Amino acid sequence: MIMGVGSVTDGAATSLYMALGANFIITPVLREDIAIACNCKKVLWSPGCGSLTEITRAEELGCEIVKLFPGDLYGPKFVKGIKGPQPWTSIMPTGGVSPTEENLKGWFDAGVTCVGMGSQLISKDIIANKDYEKLKQGVKMLWPL
């Protein structure tokens, strides 16, 4: 199993989660202390960025996949705009990504590397009822999009 932690907002929490076994760290913000902590342990980190300046800084700090957050505010057109001057940039939108062919096609046609989904795929209802079969079926619907 590969375990990651999301919504991490500072270097101290990052270090704690890595000590507990996190294989990757996802953040809603770009922070140098998080980058340093992850880079020292060679742990993949993906910071939330919302401008070309933040994306460029994240890449300077060693980020391999930038989290576009919140994705629904930016959309696929923003991704196309970023990929123009920086075709090497790997982007993962989160927020505003839904498990439909139309939505996913829009993002991938724009040039994203991957997408992140949370509540659109794993609802509070699924968690509360431990309905893992419903989750399994939802994931199966995505394959082989």
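Scroll up a little and you will see the structure.
All values reported here derive from a predicted model rather than from experimental measurement.

A.B. asks: Looking at this structure, how should I read unusual backbone geometry?
C.D. replies: Going from Phe69 to Pro70, the amide bond is cis rather than trans, its omega being -10°. Within the secondary structure layout, Pro70 lies in the loop between strand S4 (66-68) and helix H4 (71-83). For Ser7, which is not glycine, the phi dihedral falls at a positive 60°. As for its position among the elements, Ser7 is in the loop between strand S1 (4-5) and helix H1 (11-19). When its relative accessible area of 59% is taken as the criterion, Ser7 is described as exposed.

A.B. asks: Got a minute to help me understand helix H2 (residues 32-41) in this structure?
C.D. replies: Since one α-helical turn is 3.6 residues long, residues separated by three or four positions face the same way. Taken together, the buried positions of H2 are occupied by Ile34, Ala35, Ala37 and Cys38. One face of H2 carries all of its buried residues, which in axial projection span an arc of 165°. If you follow the buried residues of H2, they end up packed against H1, strand S2 (24-27) and strand S3 (44-49). Following H2 by one or two positions, Lys42 has its phi on the positive side, about 55°.

A.B. asks: Even after reading the chapter, I still don't get the sheet that holds S1, so can you show me in this structure?
C.D. replies: Adjacent strands of a sheet form backbone hydrogen bonds with each other and so pair up, either parallel or antiparallel. Strand order in this open sheet of 5 strands is S1-S2-S3-S4-S5, and the pairing throughout is parallel. The sheet terminates laterally at S1 and strand S5 (91-93), the two strands that pair on one side only. Taken together, the 3 bridges between S4 and S5 define a ladder with parallel strand orientation. Following the sheet pairing, Leu68 is matched in S5 by Pro93.

Parameters at a glance
- Residues numbered from 1 in each chain as written.
- Predicted model: local features only at pLDDT ≥ 70, side-chain atom pairs only at ≥ 80, totals over all residues.
- Heavy atoms only, no water.
- Helix = DSSP H or I, 4+ residues; strand = E, 2+ residues; numbered from the N terminus.
- Buried < 20%, exposed > 50% of the residue type's maximum accessible area, 1.4 Å probe, protein only.
- Arc of directions from axis to C-beta.
- Contact = heavy atoms within 4.5 Å.
- Pairing = 2+ DSSP bridges.

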